[in-house]
Amino acid sequence: MASGVGVNSDCLSAFQELKLGKKHKYIIYSLSPRLDEIVVEKTSTDSNYETFVGDLPETECRWAVYDFEYEAEAGAGKRNKLIFISWSPDDAKIKSKMLYASSRDALRRALVGIASEIQGTAFDEISQEAVLEKVKRLR
């Protein structure tokens, strides 16, 4: 189901800066006030995962891309995976959840190079441990 919401060009620029230029550690995306396009709400260079999670609102939906760094098994060194998070907290308004869910594909298709996708409705679902478990299963 498509919502007809467009993706602002700043979304792609910020993503390329994160992916290729490593200028950001994460990007948080939201719908514009008129609900007609997806925009960049925040970018950050802070590598503390808890800071990122703290930037997600408790009662509002968002999307995010995080450059997740972790130690590979068997001493193979550090690895990075770009993860896409669909944040739809249980306490968000139903209309907002529906609009974000139906608009997600427009943003997700525009962001080429995402390794993993996580849908979260509670903070424990997007905890560093939960994300680490998911990315370690990727090959």
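The text that follows walks through the structure, step by step, so that each part is easy to find.

Rules used in this analysis
- Residues numbered from 1 in each chain as written.
- Predicted model: local features only at pLDDT ≥ 70, side-chain atom pairs only at ≥ 80, totals over all residues.
- Heavy atoms only, no water.
- Pairing = 2+ DSSP bridges.
- Helix = DSSP H or I, 4+ residues; strand = E, 2+ residues; numbered from the N terminus.
- Salt bridge = Lys/Arg side-chain N within 4 Å of Asp/Glu carboxyl O.
- Buried < 20%, exposed > 50% of the residue type's maximum accessible area, 1.4 Å probe, protein only.
- Contact = heavy atoms within 4.5 Å.
- Phe/Tyr/Trp six-rings, centres within 6.5 Å; stacked < 30°, edge-to-face > 60°.
- Lys NZ or Arg CZ within 6 Å of the ring centre and 35° of its normal.
- Core = buried A, V, L, I, M, F, W, Y, C linked by side-chain atoms within 4.5 Å.
- Patch = residues over 30% accessible without salt bridge, like charges linked within 9 Å, V, L, I, M, F, W, Y side chains within 5 Å.
- Areas by Shrake-Rupley, 256 points an atom, 1.4 Å probe, with all protein chains shown as cover.
- Lys, Arg positive; Asp, Glu negative; His and termini not counted.
- Charge placed at Lys NZ, Arg CZ, Asp CG, Glu CD.

**A closer look at the pairing of strand E5 (residues 78-87)**
When strand E4 (residues 62-71) meets E5, the two strands line up antiparallel, connected through 10 bridges. The partner of Arg-62 across the bridge, within E5, is Trp-87. Here E4 hands over to E5 after 6 residues, with Ala-74 in that stretch at a positive phi of 60 degrees. In terms of strand pairing, E5 meets strand E6 (residues 116-120) through 5 bridges, oriented parallel.

**A short note on the pattern of salt bridges**
Inspection of the entire model under this criterion finds 10 salt bridges. Salt bridges here are not isolated pairs; linked through shared partners, they connect Arg-104, Asp-105, Arg-108 and Glu-117.

**Some points on the sheet that holds E6**
The strand order across the open sheet built from 6 strands is E1-E3-E2-E4-E5-E6, with neighbouring strands paired in mixed fashion. Two strands in the sheet have a free side with no partner beyond their single neighbour: strand E1 (6-7) and E6.

**Quick notes on the side chain of Asn-8**
Along the polypeptide, Asn-8 turns up in the loop between E1 and helix H1 (9-19). Given the relative accessible area of 17%, Asn-8 is considered buried. Setting aside its immediate chain neighbours within four residues, Asn-8 contacts Glu-37, Ile-38 and Val-39.

**Thoughts on the packing of aromatic side chains**
This structure, assessed with the given rule, holds 10 aromatic pairs. Arranged with centres 4.4 Å apart and planes meeting at 35 degrees, the rings of Trp-63 and Tyr-100 form a pair that is tilted. Of this pair, Trp-63 sits in strand E4 while Tyr-100 sits in helix H3 (residues 94-110); the two residues are 37 residues apart in sequence, bridging distant segments of the chain. As far as burial versus exposure is concerned, Trp-63 and Tyr-100 are alike and both buried. Ring pairing ties together the aromatic residues Tyr-26, Tyr-49, Phe-52, Tyr-66, Phe-68 and Tyr-70, which thus form one cluster. Stacked on the ring of Phe-84, the Lys or Arg Arg-108 has its end atom at 5.9 Å from the ring centre.

**What to know about the nonpolar core**
Phe-15, Tyr-29, Ile-38, Trp-63, Val-65, Leu-107 and Leu-111 are the most contacted members of the largest nonpolar core, which has 19 residues in total. Elements with a minimum of two residues in this core: H1, strand E2 (26-31), E4, E5 and H3. Listed in part, the 17 residues of the second largest apolar core include Tyr-49, Leu-56, Tyr-66 and Ile-83.

**What about the environment of Val-5?**
Inspection of the secondary structure assignment puts Val-5 in the segment before E1. Each C-alpha atom, one on Val-5 and one on Ala-72, is 38 Å from the other, the two residues being 67 residues apart in sequence. When near neighbours in sequence (up to four residues on either side) are disregarded, Val-5 contacts Leu-31, Leu-35, Asp-36, Glu-37, Ile-38, Leu-99, Ser-103 and Ala-106.

**Structural notes on a negative patch on the surface**
Taken together, Glu-58, Asp-90, Asp-91, Asp-124 and Glu-125 make up a surface patch of like negative charges. If you trace the backbone, Asp-90 turns up in the loop between E5 and H3. Residue Asp-90 is classed as exposed on the basis of its relative accessible area, which comes to 51%.

Shape descriptors only; they carry no functional weight alone.
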